[in-house]
Amino acid sequence: DTGVSQNPRHKITKRGQNVTFRCDPISEHNRLYWYRQTLGQGPEFLTYFQNEAQLEKSRLLSDRFSAERPKGSFSTLEIQRTEQGDSAMYLCASSVGTGTPQETQYFGPGTRLLVL
Amino acid sequence: GDSVTQMEGPVTLSEEAFLTINCTYTATGYPSLFWYVQYPGEGLQLLLKATKADDKGSNKGFEATYRKETTSFHLEKGSVQVSDSAVYFCALKDSGAGSYQLTFGKGTKLSVIP
């Protein structure tokens, strides 16, 4: 299977702990995105990479959040000093950067975070 | 800013019933429009898309037509099955340089009963 993969699928942590999630995009995709989805809501954009460069960050991405994409391959999203409000599904997506209207983002299965 | 409004759920239908899920949008540019589906416990899967006015996207018996005059992209299926039970999200990607993110509606949960 060559889809987007995310690990772990589930994470339970205590408030104040740090957590890190990993995303492996589809291999030929140079663009990678992170979204957050809370219960009963649609996904909300967090940040975007083109190759290894982080080009856009949402105001939702507080200074406790950091994302990296070393070498333009996999990406990690770290949350420091977690809060209960961080509990959500974190979705990763990737796309081929065609710059055309047909460009489509393909999503991974998500990492569900629960902060106790 | 951009926004997507979907009809409130949940929607419960009997098998073989006709489905319509309404979606309207507001965008600053000329967006591409998408429907994604999320089955229980899974991530989002692209269902269909349309990139310009009057385009019709279709897949697995689902259809949606890009209506610029009414800023709408309603999802339809002539005969739903139990396996269509899922949450459906309407989304847009705006045009213009630097427009990379998808803007989603809140989702509409569909339950199909035998």
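Our structure is the block above this text.
Residues numbered from 1 in each chain as written. Chains lettered and ligands numbered in written order. Predicted model: local features only at pLDDT ≥ 70, side-chain atom pairs only at ≥ 80, totals over all residues. Heavy atoms only, no water.

Caption draft 1: Fine view of the state of the cysteines. Residues and elements named next belong to chain A. Applying the stated rule across the entire model yields two disulfides over all chains. For Cys 23, the disulfide goes to Cys 92, at an S-S distance of 1.9 Å. Disulfide Cys 23 to Cys 92: torsion about the S-S bond roughly -70 degrees, handedness left-handed. A residue pair is termed long-range when its members are at least 10 positions apart, and Cys 23 in strand S3 (residues 19–24) and Cys 92 in strand S9 (residues 88–95) qualify at 69 residues. Of the two residues, Cys 23 and Cys 92, neither departs from the other in class, the shared state being buried. (Disulfide = S-S within 2.5 Å. Helix = DSSP H or I, 4+ residues; strand = E, 2+ residues; numbered from the N terminus. Buried < 20%, exposed > 50% of the residue type's maximum accessible area, 1.4 Å probe, protein only.)

Caption draft 2: Spatial organisation of the pairing of S3(A). Residues and elements named next belong to chain A. Of the two faces of S3, only the one carrying Val 19, Phe 21 and Cys 23 is buried; Thr 20, Arg 22 and Asp 24 on the other face are not. Taken together, the three bridges between strand S1 (residues 5–7) and S3 define a ladder with antiparallel strand orientation. Note that in S3 the partner of Gln 6 across the bridge is Cys 23. Examined bridge by bridge, S3 and strand S8 (residues 75–79) share five bridges and lie antiparallel to one another. Residue pairing across strands places Arg 22 opposite Thr 76, the latter belonging to S8. (Pairing = 2+ DSSP bridges.)

Caption draft 3: Summary view of the interface of chain B and chain A. Facing the 20 residues of chain B at the interface are 22 residues of chain A. Between chain B and chain A lies a buried interface of about 1700 Å² when both sides are counted; carbon and sulfur atoms form 52% of it. On the chain B side of the contact with chain A, Leu44(B), Tyr100(B) and Gln101(B) bury the most area, a combined 31% of that side's loss. Along the contact surface separating chain B from chain A lie zero salt bridges. The tally of links from chain B across to chain A stands at six residue pairs in polar contact (both at pLDDT 80 or more). (Contact = heavy atoms within 4.5 Å. Buried area = accessible area lost by both parts, 1.4 Å probe. Salt bridge = Lys/Arg side-chain N within 4 Å of Asp/Glu carboxyl O. Polar contact = N/O pair within 3.5 Å; in protein donor to acceptor, adjacent residues only side chain to side chain.)

Caption draft 4: Spatial organisation of the environment of Glu63(B). Residue and element names in this part refer to chain B. Relative to the assigned elements, Glu 63 resides in strand S8 (residues 62–65). Separated by 46 residues in sequence, Glu 63 and Ala 17 have C-alpha atoms that sit 15 Å apart. Leaving out residues up to four positions away in the same chain, Glu 63 has contacts with Leu 48, Lys 56, Gly 57, Ser 58, His 74, Leu 75 and Glu 76.

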